[in-house]
Amino acid sequence: MKSFTYERATSPVAAAAAVSRNEGAKFIAGGTNLLDLMKLEIEIPTHLIDVNGLAFDKIEPTSDGGLRIGALVRNTALAADERVRRDYGLLSRALLAGASGQLRNKATTAGNLLQRTRCPYFYDTNQPCNKRQPGSGCAAIGGVTRSHAVIGSSEACIATHPSDMAIAMRALDASVETVQPDGKTRKIPMADFHRLPGNTPHIETALASGELITAVTLPKPVGGTHIYRKVRDRASYAFALVSVGAIVQRDGTGRVAVGGVAHKPWRVEAAEAELPRGAKATATRLLAGAQPTHDNQFKLALVERTLAAVLAEAKG
Amino acid sequence: MQKPGDLEISRRDLLIVAGASVAATAVASPAGAQSKAIARASSPPVVSKVSLSVNGATRDLELDTRTTLLDALREHMHLTGTKKGCDHGQCGACTVMVDGQRINSCLTLAVMHEGSSVTTIEGLGTPDNLHPMQAAFVKHDGYQCGYCTPGQICSAVAVLGEIKSGIPSHVSADLTAPLDVTAAEIRERMSGNICRCGAYSNIVEAITEVAGSPA
């Protein structure tokens with residue numbers, strides 16, 4: 001690990017300003033992904049601003065009947081919150097399907113959204129990677145691509161976003177609240193928060209330099225049956241090959257977001273109109289335009305079958 | 001990762017720097033010459049102070065900011081019960097409890113724990129006065145080589161606390177119903193602790209006994 005200077009943030013705006021002033025600076029909260037990447041010298045910050053002391057650790061009701069989740073709420077605390085378990089079961093289920101008990105105790109809500117891909121070529125610093133070193137090429141393309149994206153990818157990058165939580169947040173129409181270095185705040189809908197790779201796969205979110213996540217807000221509960229189904233190589237503590245997060249209403253309508261297939265949580269609102277007609281119709285629309293590789297074309301069938309299992313479970 | 005050639009170069013550079021430092025020491029101010037040599041060899045370390053409580057005792061440390069909580073425990077406080085396995089949060093050998101919650105001590109910086117209260121395996125029990133979980137691991141042969149065991153035991157103690165406080169898991173059938181300590185619950189919750197010897201079934205038996213329910 002390269003050496004770095006360290007400070008504890010005293011206010012959100014001061015922390016945002018400090019990061020925007022210093023190109024080598026990064027925020028650190030849970031640190032479970034950042035420190036892993038720093039040990040491998042994939043991330044090489046010269047200055048860390050520890051935001052753990054900021055007061056973003058509460059889950060509070062909003063005026064419109066939703067919930068405001070502080071950026072520093074740990075994954076365990078969020079999954080276990082009584083209101084989340086009762087009204088946003090999809091979010092609890094997605095969180096509990098991810099990582100290990102130890103990691104969930106440390107990882108934060110904001111950090112979970114900002115975690116980097118687990119593409120093995122991103123992790124191998126001997127390989128070219130446009131995400132790690134812009135312009136160097138993509139070793140995954142033409143490589144072993146069983147775990148990679150099947151839709152929304154580009155000639156520069158075929159990595160997936162690894163978060164389970166983000167799939168639930170996308171299906172729940174969550175928004176990401178931020179503060180900028182000049183003190184201005186904004187709300188970014190989850191649909192716009194993560195980016196497709198295009199020619200700039202190293203730019204993964206809509207956040208500007210120094211912009212700090214303060215909270216993630218959930219709209220008021222929509223009812224329905226909440227299901228998160230994750231298919232992976234091990235029964236626990238593994239990233240998704242494919243995951244399906246769904247909210248299904250009694251009349252068969254609903255919402256669905258899919259993980260493990262793209263550079264961001266994959267949701268196509270138009271495809272949800274097909275839900276009453278079943279998994280095949282929905283998956284066909286959801287994955288229209290997919291460009292799988294030989295190694296990962298199984299994911300197309302797996303999405304459809306996992307969605308079929310989810311819809312069957314929702315019917316009870 | 002470095003290629004073999006790179007490694008040769010860095011070794012030679014290191015020898016040159018070390019030699020220069022020894023030569024300079026003989027004729028000039030030792031401290032100045034050494035720090036100059038170190039600065040040439042790598043980025044200079046940044047040192048920061050941190051004060052935390054470990055197993056009930058206050059520890060005031062001055063550490064390179066890069067020091068993980070794991071390395072602070074092992075290398076600076078000489079509490080070597082906590083083990084370094086993968087050093088990347090994948091194996092759980094480094095599991096300790098911080099402010100009552102189990103975490104991977106390899107994936108957190110010591111300087112981030114100003115005022116924290118840390119419990120390691122040394123703080124759970126002693127050879128003469130084992131924690132019930134330690135005694136159960138011995139009784140049920142919940143280990144072979146023992147390297148993962150301190151992490152397994154810290155995790156296991158925390159798992160029973162998590163179930164008691166009503167935190168659901170991936171295998172809990174109902175998110176809002178009271179939780180039972182079943183083998184399935186224990187296995188899911190312990191999945192962040194890898195045992196290369198494969199003592200899992202005995203580990204589950206040990207935890208089940210401490211939880212006070214039949215296996």
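As a reminder, the structure under discussion sits directly above these lines.
Throughout what follows, the structure given in this document is the object of discussion.

## Looking at the side chain of Asp87(B)
Inference 1: Its place among the elements puts Asp87(B) in the loop between helix H3 (69-76) and strand S3 (95-98).
Inference 2: Of the residues examined, Asp87(B) reaches a relative accessible area of 18% and is grouped as buried.
Inference 3: Every residue in contact with Asp87(B), bar those within four places of it in the chain, is listed here: Lys39(A), Leu70(B) and Cys106(B).

## What about the interface of chain B and chain A?
Inference 1: Each partner contributes to the interface: chain B provides 44 residues, whereas chain A provides 41 residues.
Inference 2: Taken over both partners, the interface formed by chain B and chain A buries close to 3,400 Å², and the fraction arising from carbon and sulfur atoms is 53%.
Inference 3: Taken as a group, Leu107(B), Met112(B) and Leu175(B) account for 20% of the area that chain B buries against chain A, more than any other trio of residues on that side.
Inference 4: Where chain B touches chain A, the interface holds 1 salt bridge.
Inference 5: Across the salt bridge formed by Lys39(A) and Asp87(B), the nearest N and O atoms sit 2.9 Å from each other.

## Focus: the environment of Ala246(A)
Residue and element names in this part refer to chain A.
Inference 1: Looking at where alanine 246 falls in the secondary structure, it is placed in strand S10 (residues 242-248).
Inference 2: By relative accessible area, which is 2% here, alanine 246 ends up buried.
Inference 3: Expressed as a C-alpha distance, the spacing of alanine 246 and isoleucine 69, which sit 177 residues apart in the sequence, is 21 Å.
Inference 4: Those residues in contact with alanine 246 that lie beyond four places of it in its chain are Leu90, Thr225, His226, Ile227, Arg255, Val256 and Val310.

## Focus on H3(B)
Residue and element names in this part refer to chain B.
Inference 1: Counting buried positions along H3 gives 6 out of 8 residues, so the element sits mostly inside the fold.
Inference 2: When H3 is considered as a whole, its buried residues turn out to be Leu69, Leu70, Asp71, Ala72, Leu73 and Arg74.
Inference 3: Packed against the buried residues of H3 are strand S1 (47-54), strand S2 (57-64), S3, strand S4 (101-104) and strand S5 (117-119).
Inference 4: Remark: histidine 78 follows H3 within two positions and exhibits a positive phi of approximately 60 degrees.

## Section: the sheet that holds strand S8 (residues 212-218) of chain A
Residues and elements named next belong to chain A.
Inference 1: Read from one edge to the other, the open sheet built from 5 strands follows the order S4-S5-S8-S6-S7, with strand pairing classed as antiparallel. Of all the strands in the sheet, the pair left with one neighbour each is strand S4 (59-61) and strand S7 (185-189). Across the sheet, the axes of successive neighbouring strands diverge by a mean angle of 25 degrees, strand direction being ignored.
Inference 2: In terms of strand pairing, strand S6 (residues 175-179) meets S8 through 5 bridges, oriented antiparallel. The residue of S8 that forms the bridge with glutamate 177 is alanine 215.

## Re unusual backbone geometry
Inference 1: With a phi close to 60 degrees, Asp173(A) is a non-glycine residue in the positive phi region.
Inference 2: The residue Asp173(A) is located in the loop between helix H9 (165-171) and S6 in this model.
Inference 3: A positive phi angle is found at His78(B), which is not glycine, with a value near 60 degrees.
Inference 4: Tracing the sequence through the fold places His78(B) in the loop between H3 and S3.

## A word on helix H6 (residues 149-164) of chain B
Residues and elements named next belong to chain B.
Inference 1: In this model H6 runs 22 Å from its N-terminal to its C-terminal C-alpha over 16 residues, within 8% of the 22 Å that 1.5 Å per residue would give.
Inference 2: In terms of residue burial, H6 counts as a mostly covered element, since 14 of its 16 residues are buried.
Inference 3: Following H6 by one or two positions, glycine 166 adopts a phi angle in the positive range, close to 85 degrees.

## Some words on the side chain of His131(B)
Residues and elements named next belong to chain B.
Inference 1: The topology assignment puts histidine 131 in the loop between helix H4 (121-124) and helix H5 (132-139).
Inference 2: Within the structure, the side chain of histidine 131 is placed 2.9 Å from the backbone nitrogen of methionine 133, a separation counted as a polar contact.
Inference 3: If we skip the residues at most four places from it in the chain, histidine 131 touches Leu124, Gly125 and Val157.

## Looking at the pairing of S10(A)
Residue and element names in this part refer to chain A.
Inference 1: Counted residue by residue, S10 has 7 buried out of 7 residues, so it is predominantly covered.
Inference 2: The side-chain alternation of S10 yields two buried faces, one formed by Val242, Val244, Ala246 and Val248 and the other by Ser243, Gly245 and Ile247.
Inference 3: Direction of pairing for strand S9 (residues 225-231) relative to S10: antiparallel, over a ladder of 7 bridges. Within S10, the position partnered with valine 231 by the bridge is valine 242.
Inference 4: For S10 and strand S11 (residues 254-259), the ladder comprises 6 bridges, and the chain directions are antiparallel. Residue pairing for S11: glycine 245 is matched across the bridge by alanine 257.
Inference 5: Where S10 hands over to S11, the hairpin turn is made up of 5 residues, of which glycine 252 adopts a positive phi near 90 degrees.

## Some words on the packing of H5(B) against H6(B)
Residues and elements named next belong to chain B.
Inference 1: In contact at an axis separation of 10 Å, H5 and H6 are set at 125 degrees when each is read in the N-to-C sense. Viewed along their axes, H5 and H6 adopt a mutual orientation that is oblique. Once H5 is placed against H6, the crossing between them reads as right-handed. Counted together, Met133, Gln134 and Phe137 of H5 and Thr149, Gln152, Ile153, Ala156, Val157 and Leu160 of H6 form the full contact between these two elements.
Inference 2: Of the residues belonging to the contact of H5 with H6, the class tally is 6 nonpolar, 3 polar and no charged.

Rules behind the numbers
- Note that residues are indexed from 1 along each chain, following the sequence as it is written.
- To label them, take the chains in the order written and letter them from A, then take the ligands in the order written and number them from 1.
- With pLDDT at 70 or above as the cut-off, local features in this predicted model cover only qualifying residues; side-chain atom pairs require 80 or more to be listed or tallied, and sums for whole chains, interfaces and linings still use all residues.
- Heavy atoms from the whole structure form the basis of all side-chain values; hydrogens and water molecules are not counted.
- A helix here means a DSSP run of H or I that spans at least four residues, while a strand means a run of E at least two residues long, and both kinds are numbered starting from the N terminus.
- Only protein chains enter the calculation, and the probe is 1.4 Å; a residue is then buried if its accessible area is under 20% of its type maximum, exposed if over 50%, and partly exposed in between.
- Any two residues whose heavy atoms approach within 4.5 Å are treated as being in contact.
- Joining two parts hides part of their accessible area as seen by a 1.4 Å probe, and the buried area is that hidden amount summed over both.
- Here, a salt bridge means any side-chain nitrogen of Lys or Arg that lies within 4 Å of a carboxyl oxygen of Asp or Glu.
- A pair of strands is labelled paired if DSSP reports no fewer than 2 bridges between them.
- Note on method: axes are straight lines fitted to C-alpha atoms, helices fitted across the in-contact stretch only, with angles between N-to-C directions ranging 0 to 180 degrees.
- A helix is expected to span 1.5 Å for every residue after the first.
- Contacts described as polar in this section are N or O atom pairs within 3.5 Å, which, within protein, must combine one atom able to donate a hydrogen with one able to accept it, while residues neighboring in sequence count only if both atoms come from side chains.
- An angle counts as roughly parallel when it lies under 35 degrees, as roughly antiparallel when it exceeds 145, as roughly perpendicular when it falls between 65 and 115, and as oblique in every other case.
- Working rule for handedness: look at the near helix, and if it is turned counterclockwise from the far one by less than a right angle, call the crossing left-handed; if clockwise, right-handed.
- Only Asp, Glu, Lys and Arg are considered charged, only Ala, Val, Leu, Ile, Met, Phe, Trp, Tyr, Cys and Pro nonpolar, and every remaining residue, Gly among them, polar.

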